[in-house]
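Architecture and fold: a report
Here's the letter readout for the chains.
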Amino acid sequence: MKKLNGTVIVTYRCNARCNMCNRYKKPSLPEEELSLETIQKLPPMYFTNITGGEPFIRTDLKEIVRELYKKSDRIVISTNGFFTDRIIDLCKEFPQIGIRISIEGLEETNNRIRGLEDGFNRGYTTLKKLVEMGMKDVGFGMTVQDANAKDLVALYNLSNEMNMEFATASLHNSFYFVEAKNIIHNRPKVAKEFENLINELLKSKSPKKWFRAYFNHGLINYIYGQKRLLPCDMAFDTFFIDPYGDVMPCNGTKDKEVMGNLNDASDWNTLWSSPQAEAVRSKVRCCDRNCWMIGSVSPAMHKYIWVPALWVLKHKLKFWTSRKYSMYENKIVRDYRDGKVRKETLDACSTCDLNAQINDGLSEKSREKLS
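In this report, the structure presented in the accompanying data block is examined. Position labels on residues start from 1 in each chain and follow its written sequence. Owing to the predicted nature of the model, reporting of local features is limited to residues with pLDDT of at least 70; listing and counting of side-chain atom pairs is limited to 80 or more, with chain, interface and lining totals taken over all residues. Hydrogens and water are ignored here; the side-chain numbers use all heavy atoms of the structure.

Note on sheets: strands pair through backbone hydrogen bonds, and any given pair is parallel or antiparallel. Ordered in space as E6-E5-E4-E3-E2-E1-E7-E8-E9, the nine strands form an open sheet in which the pairing is mixed. Two strands in the sheet have a free side with no partner beyond their single neighbour: strand E6 (165–170) and strand E9 (260–261). Pairing of strand E8 (residues 246–248) with E9 involves two bridges; the strand directions are antiparallel. Looking across to E9, one finds that aspartate 246 is bridged to asparagine 261. Only when DSSP finds a minimum of two bridges between them are two strands counted as paired. Where helices and strands are cited, they refer to DSSP runs of H or I of at least four residues and of E of at least two residues respectively, numbered from the N terminus.

Its location among the elements puts lysine 303 in helix H11 (residues 294–303). Note on contacts: a residue pair qualifies if any of its non-hydrogen atoms lie within 4.5 Å across the two residues. Residues contacting lysine 303, with those up to four places away along its chain left out, are Asp233 and Asp237.

The subject of this paragraph is the pairing of strand E7 (residues 238–241). Buried residues are those whose accessible area, probed at 1.4 Å on protein chains only, stays under 20% of the maximum for their type, while exposed residues exceed 50% and partly exposed ones sit between those limits. The alternating pattern of E7 places Thr238 and Phe240 and Phe239 and Ile241 on opposite faces, both of which are buried. Relative to E7, strand E1 (residues 4–9) runs parallel, the two sharing four bridges. Within E7, the residue paired with asparagine 5 across the bridge is threonine 238. Where E7 and E8 come together, two bridges link them in antiparallel fashion. Counted as the bridge partner of isoleucine 241 is valine 247 from E8. Linkage of E7 to E8, two consecutive antiparallel strands, is achieved through a turn of four residues, within which glycine 245 is found at a positive phi near 90 degrees.

Moving on, we get to the environment of isoleucine 64. If you trace the backbone, isoleucine 64 turns up in helix H2 (residues 61–68). Along the primary structure isoleucine 64 and lysine 343 are separated by 279 residues, whereas in three dimensions their C-alpha atoms are 46 Å apart. With residues up to four places along the chain from it excluded, the contact list for isoleucine 64 reads Val10, Leu36, Ile39 and Arg58.

Here we take up helix H12 (residues 306–320). Between its terminal C-alpha atoms H12 stretches 21 Å, which fits the 21 Å expected from 15 residues at 1.5 Å a residue. For H12, the set of buried residues is Pro308, Trp311, Val312, His315, Lys316 and Lys318. Relative to the axis of H12, the buried residues are bounded by an arc of 150 degrees and lie together on one face. Every exposed residue of H12 that faces more than 90 degrees away from the buried side is listed here: Leu310, Leu317 and Trp320. Every helix has an expected span of 1.5 Å times one less than the residues it contains. Comment: arc refers to directions from the helix axis out to C-beta atoms.

With that out of the way, let us pick up the packing of helix H3 (residues 84–93) against helix H5 (residues 119–132). A fitted line through C-alpha atoms represents every axis, and for helices the fit uses only the stretch in contact; the resulting angles, taken between N-to-C directions, go from 0 to 180 degrees. Two elements in contact, H3 and H5, have axes whose closest approach is 10 Å; the angle formed by their N-to-C orientations is 20 degrees. One element, H3, and the other, H5, form an angle in the roughly parallel class. The crossing of H3 and H5 is right-handed. Of the residues in H5, those touching H3 at Thr84, Ile87, Ile88 and Cys91 are Arg122, Thr126, Lys129 and Leu130. Polarity classes work like this: nonpolar for Ala, Val, Leu, Ile, Met, Phe, Trp, Tyr, Cys and Pro, charged for Asp, Glu, Lys and Arg, and polar for all others, with Gly in that last group. In terms of residue class, the contact of H3 with H5 is made up of four nonpolar, two polar and two charged. Here the word oblique covers every angle except those under 35 degrees (roughly parallel), over 145 (roughly antiparallel) and from 65 to 115 (roughly perpendicular). Left-handed describes a crossing whose near helix is turned anticlockwise from the far helix by less than a right angle; the clockwise case is right-handed.

Tracing the backbone shows arginine 281 in helix H10 (residues 275–285). Beyond its immediate stretch of four places on either side in the chain, arginine 281 contacts Ala235, Phe236, Met259 and Trp272.

Bringing a nonpolar patch on the surface into the picture now. Together, Ile305, Trp306, Val307, Leu310, Leu313, Leu317 and Trp320 give the surface a local cluster of nonpolar side chains, amounting to about 800 Å² of exposed area. By the secondary structure assignment, leucine 310 is in helix H12. Each patch is built from salt-bridge-free residues with over 30% relative accessible area, joining like charges within 9 Å and nonpolar side chains (Val, Leu, Ile, Met, Phe, Trp, Tyr) within 5 Å. Every accessible area reported is derived by Shrake-Rupley at a probe size of 1.4 Å, with residue values counting cover from the shown protein chains alone. Salt bridges are defined as contacts in which a side-chain nitrogen from Lys or Arg sits within 4 Å of a carboxyl oxygen from Asp or Glu.

For any pair of aromatic rings, the description consists of the separation of the ring centres together with the inter-plane angle of the planes. Pairing of aromatic rings covers Phe, Tyr and Trp, the last counted by its six-membered ring, and requires centre-to-centre distances within 6.5 Å; plane angles under 30 degrees mean stacked, over 60 mean edge-to-face, and any other angle means tilted. By the definition in use, this model includes 17 aromatic pairs. On the numbers, 6.2 Å between centres and 70 degrees between planes, the contact of phenylalanine 239 with tryptophan 272 is edge-to-face. Here phenylalanine 239 is found in strand E7, whereas its partner tryptophan 272 is found in helix H9 (residues 268–272), with 33 residues between them in sequence. Members of the aromatic cluster, each reached through a chain of ring pairs, are Tyr214, Phe215, Trp292, Trp311 and Tyr325. Look at NZ for Lys and CZ for Arg. If either is within 6 Å of the ring centre and within 35 degrees of the ring normal, a charge sits over the ring. In this structure, arginine 23 packs its charged tip against the face of tyrosine 12, placed 3.6 Å from the ring centre. One residue, arginine 122, lies across the ring of phenylalanine 82, its end atom 3.8 Å from the ring centre.

Glancing now at the nonpolar core. Leu42 and Ile97 are the most contacted members of the largest nonpolar core, which totals 107 residues. Once you skip the residues sitting within four places of it in the chain, leucine 42 turns out to touch Val8, Leu68, Lys71, Phe239, Ile241, Leu262 and Trp268. We call a set of buried Ala, Val, Leu, Ile, Met, Phe, Trp, Tyr and Cys residues a nonpolar core when their side-chain atoms join them within 4.5 Å.

With that settled, consider helix H6 (residues 152–161). Taken together, the buried positions of H6 are Leu152, Val153, Leu155, Tyr156, Leu158 and Ser159. Buried positions along H6 lie against H5, strand E5 (138–144), E6, helix H7 (187–203) and helix H8 (207–223). Immediately downstream of H6, the backbone of asparagine 163 shows phi near 55 degrees, a positive value.

Now for the pattern of salt bridges. Overall, the coordinates contain 33 salt bridges when judged by the stated rule. A salt bridge links arginine 58 to aspartate 60, with the nearest nitrogen and oxygen atoms 2.8 Å apart. The structure contains a network of salt bridges with shared partners spanning Lys26, Asp360, Glu364 and Arg367.

Right, let's talk about the side chain of serine 72 for a bit. Here serine 72 is to be found in the loop between H2 and strand E3 (75–79). Since its relative accessible area comes to 5%, serine 72 is described here as buried. Counting of polar contacts relies on pairs of N or O atoms within 3.5 Å, with two restrictions inside protein: one atom must be capable of donating a hydrogen and the other of accepting it, and residues adjacent in sequence are counted only when both atoms are side-chain atoms. A distance of 3.0 Å separates a polar side-chain atom of serine 72 from the backbone oxygen of arginine 74. Those residues within four positions of serine 72 in sequence are excluded, and the remaining contacts are Met45, Tyr46, Phe47 and Thr48.

See the structure below:
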């Protein structure tokens with residue numbers, strides 16, 4: 001059986017109050033969340049991301065990781081880094097695990113965006129402790145928006161100084177974020193910061209960072225509401241599973257799309273090849289949301305490697321002539337600058353939907369508890 005790329009959402013509970021994500025307002029009930037029995041049904045995976053909510057809210061996370069390591073080659077946990085002691089404790093048992101701490105800018109910016117008092121220092125302290133422990137796969141992730149774009153390169157430089165990974169994203173709207181109104185207001189300003197980051201990445205001696213430059217080039221394309229640079233193969237070689245056992249193609253759809261429920265399924269193969277799963281795949285093939293998140297882009301970059309590879313080659317050669325990457329290589333960026341495209345047109349191309357009724361993806365029981 002072909003190994004898949006999986007994301008396991010272990011809880012919708014969260015202690016942060018991020019301005020771009022309302023998941024904390026719509027938590028799951030602890031008694032309904034993924035059990036070890038369901039996790040044991042998951043298929044072999046070459047990569048597994050554990051996320052939430054805030055995954056370290058689950059006090060049995062160590063047991064979950066133990067089970068997932070029986071079926072996954074590599075595991076990375078996405079966290080806000082607040083529960084330092086729990087993170088350190090888990091990493092002592094699993095020193096090979098990856099940890100990505102969400103930091104949305106330098107101290108003042110981060111704390112304002114994430115709504116966590118002293119959140120920056122808590123996350124930064126956790127990162128430093130993990131590095132001191134000798135953890136190799138450690139880093140932070142940033143969701144870029146108007147409010148924090150100015151900190152993008154500064155945060156990258158901080159990650160470099162600490163010899164850490166640095167992951168980026170931009171604003172998205174979906175049932176997962178319980179949000180439909182996220183939008184970049186000043187696209188050229190934010191794109192310029194991405195351009196600066198791309199040139200820093202291309203300047204490095206790390207091939208991994210060169211390919212990250214391509215990913216960030218795709219983020220400029222995304223915030224201008226354009227078609228994805230690479231095909232989306234979610235639901236074919238990649239899946240998400242939510243706290244209720246619902247298997248989904250991804251976390252970027254407007255409404256929750258369910259391929260089947262693993263709690264109820266006799267085994268993974270039955271669910272994965274079911275008519276319900278095939279119906280969702282048909283929808284994915286027609287999806288027009290053009291998301292550009294690492295969960296869907298990373299597998300695509302591996303699958304269609306020649307596309308980012310040629311882009312990297314072209315831009316590394318440019319560095320020999322002292323010509324750097326420019327955001328104006330993107331036709332849409334030039335057209336907007338030249339007045340050929342209006343802001344209203346770009347806003348209409350984005351996933352922002354001011355009139356949307358947001359499907360929160362909760363179970364009936366979780367929703368009743370909130371009312």
